[in-house]
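Descriptive structure summary
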Amino acid sequence: MAEHLWPLLRLKAATDEELKEAYRKVFIETYVQSHDGKQIVVTDRDGRRVHFNPRNFDHAFSESSDYRFNYGDHDIPLSMKRARRILWIREVLAASKGTIERRHQMRKDSRQRLRKRRTLIVVEEKYVVVLEERDDRREFDFITAFPADSSYLEKIRRESVLVDTQKEKPQS
């Protein structure tokens, strides 16, 4: 098994539904609100807040069996490739390891409004975190995170603008 920059989270449960709920609980208690009800504040490497909505879990951690022809409809309710990397999101936002490309792109949302997206690509992992800029331009909403194949990364790179690349600082 190949080494990753960060460990994978491998939860177990008796049923698929219980497994999905276990990963949902990790998502909520890591990014939305703690078990005692306090809101969790997550920021990126520049100190800009990233908002996580519990409703994002279903989209962010499900997947399409064929993204090329499925137009965003997810027919796999829990993607283990995505769920096992759930704790990586915070690491990517902090740019804690690896080479991270920060890219910007304009995309239409579900209401056909143009929205500015920030896409973070961890080069070594082929892992992508997608954020959407809020109207005030100082904060973001988390959209999704997933491991991508080379052809999808090429598509992202063609359709976006590279803002910067941050490389892990060598330890002294």
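This structure is a prediction, so every number in the text was calculated from the model and none was measured. Position numbers for residues count from 1 along each chain, tracking the sequence in the order it is written. This being a predicted model, a pLDDT of at least 70 is required before a residue's local features are given, and a value of 80 or more before pairs of side-chain atoms are given or counted; all residues contribute to the totals for chains, interfaces and linings. Water and hydrogen atoms were dropped before computing side-chain values, which therefore reflect all heavy atoms in the structure.

1. Topic: the layout of surface pockets
In this analysis, the protein atoms alone were mapped onto a 1 Å grid. Cavities are point sets where a 1.4 Å probe fits without being able to get out; pockets are open sets with protein on both sides within 12 Å along at least five of seven lines; lining residues have an atom within 4 Å of a point. Grid points are joined across faces, edges and corners, and a volume is the space filled by probe spheres set on the points. When its volume is computed, the second largest pocket comes out at roughly 240 Å³. Lining the second largest pocket are 13 residues, with His 51, Phe 52, Asn 53, Asn 56 and Asp 141 sitting closest to its centre. Counting residues per element, the ones that place at least two in the lining of the second largest pocket are helix 1 (16–32), strand 2 (49–51) and strand 6 (140–147). Along the lines of polarity and charge, the residues of the lining of the second largest pocket split into 5 nonpolar, 4 polar and 4 charged. Each helix is a run of DSSP H or I of at least 4 residues and each strand a run of E of at least 2, with the numbering of both proceeding from the N terminus. In this count, Pro and Cys sit with the nonpolar residues alongside Ala, Val, Leu, Ile, Met, Phe, Trp and Tyr, while Asp, Glu, Lys and Arg are called charged and the others, Gly among them, polar.

2. So, helix 1
Helices are assigned an expected span. That span is 1.5 Å times one less than the residue count. Taking 1.5 Å as the rise per residue, helix 1 with 17 residues should run 24 Å; its terminal C-alpha atoms sit 23 Å apart, in good agreement. Looking at helix 1, one finds that the buried residues are Leu 19, Lys 20, Tyr 23, Arg 24, Val 26, Phe 27, Thr 30, Tyr 31 and Val 32. Buried residues of helix 1 fall within an arc of 170 degrees about the axis and therefore sit on the same side. For helix 1, the elements touching its buried residues are strand 1 (42–43), helix 2 (56–60), helix 3 (80–83), helix 4 (88–94) and strand 6. Relative accessibility thresholds used throughout: buried, under 20% of the residue-type maximum; exposed, over 50%; partly exposed, between the two (1.4 Å probe, protein chains only). Working definition: the arc comes from the directions between the helix axis and the C-beta atoms, pointing outward to the latter. The contact definition used throughout considers only heavy atoms, calling two residues in contact when any of these lie within 4.5 Å.

3. Considerations on the pairing of strand 3 (residues 99–108)
Counting buried positions along strand 3 gives 7 out of 10 residues, so the element sits mostly inside the fold. Pairing between strands is defined by DSSP: at least two bridges between the two strands are required. Of the strand pairs in this sheet, strand 3 and strand 7 (residues 161–167) are connected by 6 bridges, and their pairing is antiparallel. Bridge pairing links Arg 102 to Asp 164 in strand 7. Where strand 3 and strand 4 (residues 114–122) come together, 9 bridges link them in antiparallel fashion. Looking at the pairing, Met 106 lines up with Lys 116 of strand 4. Where strand 3 hands over to strand 4, the hairpin turn is made up of 5 residues, of which Gln 112 adopts a positive phi near 65 degrees.

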